[in-house]
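Coordinate inspection notes
Chain by chain, the residues:
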Amino acid sequence: MLLRRLPILLACFLSCADIVCGQDVPSVSGPAVSVPAESLVDFENDIQPILTKFGCNSGPCHGKARGQGGFQLSLLGFDSQQDHDAITKEGRGRRVFAGAPEQSLLVAKPTGLVPHGGGRRLEPGGSEAAALLQWIRQGSPRRAPAAPQLQSIQVSPAAITLAAQQTQQLTVTASYSDGTTRDITSLSAFQSNEAPIAGVTDGGLITAGGITGEAAIMARFLGRIAVCEVLIPRQQSVPSGVYAGLPRNNFIDPHVWSRLQRLNIVPSVVCDDHTFLRRAYTDIIGRIPTFEEVAAFLGDSAGDRRARLVDHLLQQPEFADFWANKWVDLLRPNPYRVGIKAVFNYDHWIRQSFHDRKPWDQFVRELITARGSTFRNGAVTLFRDRREPEEVATLVSRLFVGVRLECAKCHHHPFEVWGQDDFYSFAAWFAQIGRKGTGLSPPISGSEEFFFAGARGSVKHPVTGEVMTPRPLFGEAPAADSVEDSREALATWLTSPQNHLFSQVMANRVWADLMGRGLVDPVDDFRGTNPASNPPLLQSLGEHFRDSGFSLQELVRAITNSHVYQLSSLPNETNSGDTRSFSRHYRHRQRAEVLLDSVVQITGIPQDFQAMPPDSSSRQIWTHRTESVFLDTFGRPDPNQDPPCERTGESTVVQSLHLMNSEKLYSDVVSDRGLAKQLADGGRSADELSVELYRRIFSRDPVTEERELVRGLLEAEGAVRRQVLEDLIWAMLNSAEFAIQD
Amino acid sequence: MSVMRRCDGVTRRNAVQVGLGGMLGTGLASGLRAMAESRKPAGPAAKATSCILIWMDGGPTHFETFDPKPDAPAEYRGDFADIATAVSGVGYSEHMVKLAAGLNDYAMIRSIRHDQGNHGAGNHYMMTGAPPRIPVGCGAFVSFHPSMGSVAARELGRDNGLPAYFSMPQMSRSGGPNFLGARYAPFVAGDDPNSKGFKVRDVALPRDLSELRFTSRTELRAKVDRMVRLQDEAAGDPAAAYDEYYRQGFSLVTSVQAQQAFDIHQEPDAVRDRYGRNSFGQRCLLSRRLVEAGVPFVTVYDGGWDHHSDLFGALRKRLPEWDNSVATLIQDLKERGLLESTLVVALGEFGRTPKISTLSGSNTPGRDHWANAMSVLMAGGGTPGGTVVGATDRKGYSAVDRVLSPENFVSTVYHKLGIDPDKVVYSPEGRPTHLVSDPTPIRELI
């Protein structure tokens, strides 16, 4: 459920206004905003904070896309010009009325003198109402003469270490262009990125929870954001010699150890060889090892056997299919909408790129600058699927720079610097894609379509109508008109060694795949208010990836060779609550394809997938439309969903029921062509059979009790050898040890 | 994701202990039912704890069903006569005999309209309450917003071992969970309950496996599953969650009562005959059994209502059976005292063109897609029987009286299930999204 963390925070954020909205409450308490009687009131500095503090411009009220009751403000007051216009120029002059300020709807509504759908928000005669009146009396200026500009906000303290349950009040200060400062704590909104670790009240009071860890508390005021970093270490300190003595396989380990040292957490011990073996196989090539592969590894006593295993796995073709399978989830559209041939070719292009070990920068460049026919170059299907510049822009920013720009399409991003200008300037990179041929005509959409560098087309700002010039989200890009196809300039910016986000986002995704959680989580939500749990590690990882020539194998190699990757999942007395700092391996349920391919490997009965050659693995399926109750049950994405979605690794009762009762699995286990029959016929001893089963299904040798269990069952009176084996296979496939990666 | 913790701070373990513990004395099925009834809805005053959605895929004609136009010219009126219903002044088309007689037990809405005249878009709009975000084509299978079934599964589902959302025999195009996540996808029970060997997949033992052997296998599983479980709940061990689900699944499989709920063959022949010995009728019956067991949402997918041609010939054969099955479902629920707690709705993606047409290449007349008018049946969950909401014009072109939207319809379903249609859910981008953009339910039906 951690994936949902951001939404929960958002919920708190927007719903405080939601709760109040519509009820008749006297006013929101909190320190008053007061303006000295004689001074000039400034819209931006004085009025906007009131509108924000009292929820007027929040999502459920006037801040929503079409406003409320015909009165629309920009969400959370990001656009003062629009808001000033809405107040002073719209509403037929009734919102502000300098002749009789008290009759202005801006005051009369929120104070309840005129019926207001949002109830009474301000105290009549209170200091906020007085400030509004004074501003109206002064002619409702956009800027008061010589009004200083808000320059920045600071939160104090900016970093703090707290003990469990300890509290700390934050202070937020605004700095203005005239050198003045102002305490804006009561006007700021606060939010924690890890509420269980450190929560924060509306008034800015932090309370440490009972969990060891780090949290970032965001303070927001008029679109400015400041962050306080909170560290809550374990109470009992750990002698520093413990950390000095830890293994350092490569650059990853010291970064993790230093974070753990700050938190007084000791990492778990290193995992067993057989645990590493299964972990490495399922993580790197997406299946469990075979009997022979288990035997080979467990028989290897050389000191570098783990590193050699990683090298070996990275050479397997399955590596490419497995990692391509993750990316097709994110890119590949629904063939019923986009066309079978176009989607098939797209899948093939993605897959082949992984087989070719294409450097990541090249992959991304080829994708976003793709041209040609959907029948010849699968990569162009991206543009067949995402037909509007806005649609491509959101995908590219999210997948390759980890920026969720979607919000900025309609309003300023509530937690970040991105506004509509940024969004539409970024979309403008894709404004001039030329196309020829037949577009979408679902459900077949079978025609060929061509994409090329066009000369026409523009992206306009939806509010101002201004034609946007292509602009990167940050940094410098070659001018769009300096190249034949403006997408080339974008690709140059995107994949430039200076674009740290480009390498970090991919490094973070791969880290999350191998370690069970991203350093930034969710993996595609990089922003100042959602900091990485270990920023120096993320930076090093990104640099390593970049310096290796954007090699996926090298990245996987570095992570899986680290000592951190090889830690046991079993906690010690210091780290059972750690779910963010990587002091132990985090278990997870294997993804659908890994489980199904492993079942096939164990039972020996292939799956018969539609539209796939015989003996295909589920990693190789080119569309989620290929029927498979097993894959659906274990959570592959809904093929109808648009856009495609990341999957979650949750377990469900439906999954348990499927492994328990599926007719297909049952018949595969008892099949005359299956494993049980094969083993039963082989004349093996009970001990040999137990080794066969445990190596094939759990990737390890049985311990003594397990050998005895198998022998006891086989030698019991009336035992039918094949039936005993079938029951054992079934029982093992239904065990957590099969489905959960340890 | 390696770590799972429920947002509300309740661990699954707790929820399950409460759930299963309370059931042991009374037997699972009744326990499940009791649990279903004890659900405390968070939103509006709920009447219904379950919903059966009869999805007439393709877009059923409103003329030949619930909104005949006997006074219209022949090229509008069609071949069928109209008949009186239990409500004076309200007529149905001639084959809806039993539903006409039973109108006092349910309501009919004749004035829902929208502007999505193709299957993909219409399905999405009616199934989710949200129009597709971008234009989609007729054959599209798209999902931009969670379906009613997935929302109900999320809001009303309990960790009691039962899938919370069934769809039979297939999922409808837009009937998925979208961003709510695969956990709320429908449990698709294919196969034909009218066939001899029918069973709901996965909820019962494989055909050839004896119960004795299953029990010994389960004991064996306990012995071979030696993976260490992490005791500290803060560790978020997925193996622990796995165990809980296994236990729930095991309870479901070993409970005689629960198995009976899924086993349509337990039903007396007379009841099976009454529902009609056809796939649709038996699915209606099975949906009743599932609701009895406490499943919050069941979609009975009924395809083939896209009558561009052979409208009258096809419907002459089909409507009597359909009429019988739906009328029987409502009547049976009522007799069992389940109609108050079970909402039944029947609809498709839109209505059909007023003027009868014969498409080129066809030699039999039909009607084409028409989103300006449609008829929707709603029963149970406190729906006042005998109510007819709204009306279309004289030729059935358009809803003219009490014009309602898909949003109003979906809001009504949510309202009756105790789900606040104005509830804000969050997309993966963190964007707050209302379940329904216009959360106004149809007041006549509340």
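From N to C terminus, chain B includes 13 helices and 16 strands. For chain B, long-range pairs separated by at least 24 residues make up 70% of all intrachain contacts whose partners lie at least 6 apart in sequence.

All names here are of chain B. Mean pLDDT over chain B: 86, with 89% of residues reaching 70 or higher. Between residues 1-42, whose pLDDT stays under 50, and residues either more than four places distant or in other chains, the model counts 83 contacts. In the predicted assembly, ipTM is 0.82 and pTM is 0.81.

Moving on to the sheet that holds strand S9 (residues 213-221) of chain A. Residues and elements named next belong to chain A. The sheet built from four strands is open, its strands ordered S2-S10-S9-S6 with mixed pairing. Where the open sheet ends on each side, the last strands, each with one partner, are strand S2 (159-161) and strand S6 (189-192). With direction set aside, neighbouring strand axes in the sheet form an average angle of 20°. Strand direction decides the pairing type here: S9 and strand S10 (residues 224-232), joined by nine bridges, are antiparallel. For Ala215, the partnering residue across the bridge sits in S10 and is Val230.

To continue, consider the domain arrangement of chain A. Here the domain parsing of chain A yields domain 1 (2-137), domain 2 (150-232), domain 3 (257-268 + 498-584), domain 4 (361-494) and domain 5 (592-741). The centre of domain 2 of chain A, based on its C-alpha atoms, is set 37 Å off from the matching centre of domain 4 of chain A.

When two helices pack together, their arrangement is given by the angle between the helix axes and the distance between those axes. Residue and element names in this part refer to chain A. Direction vectors running N to C along helix H14 (residues 360-368) and helix H19 (residues 486-494) enclose 160°, while the axes themselves pass 9 Å from each other. Overall, the two elements H14 and H19 adopt an arrangement that is roughly antiparallel. The element H14 and its partner H19 pack so that their crossing is right-handed. Contacts from Val364, Arg365 and Ile368 of H14 reach H19 at Arg487, Leu490, Ala491 and Leu494. Class assignment for the residues of the contact of H14 with H19 results in five nonpolar, no polar and two charged.

All names here are of chain A. The end-to-end C-alpha separation of helix H21 (residues 535-547) is 18 Å, in line with the 18 Å expected for 13 residues at 1.5 Å each. Among the residues making up H21, those that are buried are Leu537, Leu538, Leu541, Gly542, Phe545 and Arg546. The buried side chains of H21 occupy one side of the element, clustering within an arc of 165° when seen end-on. The inward-facing, buried residues of H21 contact helix H7 (252-263), helix H20 (500-515) and helix H22 (552-561).

Let us look at the nonpolar core. Leu728(A), Ile729(A), Met732(A), Cys51(B), Ala152(B), Val345(B) and Leu417(B) are the most contacted members of the largest nonpolar core, which totals 159 residues. When residues of this core are assigned to their parent elements, the largest contribution, nine residues, is made by helix H12 (residues 311-335) of chain B. For Ala152(B), the residues in contact, after removing those within four places along its chain, are Cys51(B), Tyr165(B), Pro296(B), Phe297(B), Leu417(B) and Ile419(B). If you look at the next biggest cluster of nonpolar residues, it comprises 101 residues, including Cys271(A), Leu331(A), Phe502(A) and Tyr586(A).

Right, let's get into unusual backbone geometry. Glycine aside, residues mostly have negative phi, and peptide bonds are mostly found in the trans state. All names here are of chain A. Residues Ser156 and Pro157 are joined by a peptide bond in cis, for which omega reads -5°. Summarising the element assignment, Pro157 is placed in the loop between strand S1 (150-156) and S2. In this structure, Pro522 follows Asp521 across a cis peptide bond, with omega equal to -5°.

For the rest of this paragraph, the subject is the interface of chain B and chain A. A common way to state how big an interface is: give the accessible area lost once the parts meet. Each partner contributes to the interface: chain B provides 70 residues, whereas chain A provides 69 residues. Among the elements of the structure, helix H7 (211-224), helix H8 (238-254) and strand S15 (424-426) of chain B are those that each provide at least two residues to the side of chain B that touches chain A. With ten residues, the single largest contributor to the side of chain B that touches chain A is H8(B). By residue class, the composition of the side of chain B that touches chain A is 39 nonpolar, 15 polar and 16 charged.

The rules behind the values
Residues numbered from 1 in each chain as written. Chains lettered and ligands numbered in written order. Predicted model: local features only at pLDDT ≥ 70, side-chain atom pairs only at ≥ 80, totals over all residues. Helix = DSSP H or I, 4+ residues; strand = E, 2+ residues; numbered from the N terminus. Contact = placed C-beta atoms within 7 Å. pLDDT = per-residue confidence, 0-100. Pairing = 2+ DSSP bridges. Axes fitted to C-alpha atoms, helices over the stretch in contact; angles between N-to-C directions. Domains from an automatic or database assignment. Parallel < 35°, antiparallel > 145°, perpendicular 65-115°, else oblique. Left-handed = near helix turned anticlockwise from the far one by under 90°. Nonpolar A, V, L, I, M, F, W, Y, C, P; charged D, E, K, R; others polar. Expected span 1.5 Å × (residues − 1). Buried ≥ 20, exposed ≤ 12 C-beta atoms within 10 Å, placed from the backbone. Arc of directions from axis to C-beta. Core = buried A, V, L, I, M, F, W, Y, C linked by C-beta atoms within 7 Å.

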